[in-house]
Amino acid sequence: KAFYLDQSLAGKQVFLCFEGTAVNAEFYVNGSLMDRSFSAYTESAFDITDRVYFGKDKVNLIAVRIDGMATEGWWYEGAGIYRHVHLYVKDMLHIAHNGIYGKPVLRPGTKNSWVVEVETEVENRSYETRSGTVHAALYDGDVCVAEAKPESITLPFTTTGTVKQKLAVSRPT
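Residues numbered from 1 in each chain as written. Predicted model: local features only at pLDDT ≥ 70, side-chain atom pairs only at ≥ 80, totals over all residues. Heavy atoms only, no water.

Attention now goes to the overall build of the chain. When helices and strands are counted, the chain shows zero helices and 16 strands. Here the C-alpha atoms of the chain give a radius of gyration of 21 Å, more than 25% beyond the 16 Å that 2.2 N^0.38 yields for 173 residues. Over its C-alpha atoms, taken along the principal directions, the chain stretches across nearly 55 × 50 × 30 Å. Looking at the 173 residues of the chain, the share that counts as buried comes to 33%. Excluding contacts between residues fewer than 6 apart, the proportion of contacts in the chain whose partners are at least 24 apart in sequence is 64%. Accessible surface for the chain amounts to roughly 11100 Å². Of this, 52% is attributable to carbon and sulfur atoms. Looking at the chain, you have 18 positive and 21 negative side-chain charges, and the mean spots of the two groups are 5 Å apart. (Helix = DSSP H or I, 4+ residues; strand = E, 2+ residues; numbered from the N terminus. Rg over C-alpha atoms; globule rule 2.2 N^0.38 Å. Buried < 20%, exposed > 50% of the residue type's maximum accessible area, 1.4 Å probe, protein only. Contact = heavy atoms within 4.5 Å. Areas by Shrake-Rupley, 256 points an atom, 1.4 Å probe, with all protein chains shown as cover. Lys, Arg positive; Asp, Glu negative; His and termini not counted. Charge placed at Lys NZ, Arg CZ, Asp CG, Glu CD.)

So this is what it looks like as structure tokens:
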């Protein structure tokens, strides 16, 4: 895949995610080997910020090599890219990839009153300390049914942190 990235995106994190490739895959960005995957059942996700070009003067190239022969059996297993591929461009302080975890807990002694414990992993990929706010809300369609108090977080350069919040929900659908 060949593409250009607008110059206005420079200074942000560029992140690539292959949701599914089978079976032995190698991922290249502008000639650099970025990752390998030997499983057909897990995603491959990696930061490509340091390998991409910004502006209209230089094209970016993503190449994937897949070898389905190494694990081929007597059945047809298939090989190739079989799920979506996403290119994310994020601010340097952002929610980590797959960085939100929610655990619903029934309140003791109740039949229909819950607390959703939410953990949000935040990454700072810049080379300076950054601050931000995490606001967790739970929606039923377009209706907000629970909100947590916004929590501030300050992270030193190139670190991650976790914000824990609780959302009270009565009679969830």
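On we go.
A general tendency of soluble globular proteins is for nonpolar side chains to be buried together. If you look at the biggest cluster of nonpolar residues, it comprises 13 residues, and the most contacted ones within it are Leu-16, Ile-48 and Val-52. Elements supplying a minimum of two residues to this core: strand E1 (2-5), strand E2 (13-18) and strand E4 (24-29). Non-local contacts of Ile-48, meaning those with residues more than four positions away in its chain, are made with Val-14, Phe-15, Leu-16, Val-29, Met-34 and Leu-87. One finds Val-116, Ala-136, Ala-148 and Leu-167 within the second-largest nonpolar core, a separate group that totals seven residues. (Core = buried A, V, L, I, M, F, W, Y, C linked by side-chain atoms within 4.5 Å.)

This next bit is on the packing of aromatic side chains. What the rule picks out here adds up to three aromatic pairs. Seen in terms of ring centroids, Phe-18 and Phe-27 are 4.6 Å apart; in terms of plane orientation they differ by 40°. Their pairing is tilted. Phe-18 sits in the buried class, given a relative accessible area of 3%. The class for Phe-27 is buried, based on a relative accessible area of 1%. Taking 5.6 Å as the distance between ring centres and 45° as the angle between the ring planes, the aromatic pair formed by Phe-27 and Phe-46 counts as tilted. In this pair, Phe-27 is assigned in strand E4 and Phe-46 in strand E6 (residues 44-47), connecting sequence segments 19 residues apart. The rings of Phe-18, Phe-27 and Phe-46 are connected pair by pair, giving a single aromatic cluster. Over the ring of Tyr-53 we find Lys-58, and its NZ or CZ is 4.4 Å from the ring centre. (Phe/Tyr/Trp six-rings, centres within 6.5 Å; stacked < 30°, edge-to-face > 60°. Lys NZ or Arg CZ within 6 Å of the ring centre and 35° of its normal.)

Geometric descriptors of this kind do not, in isolation, establish any biological role.
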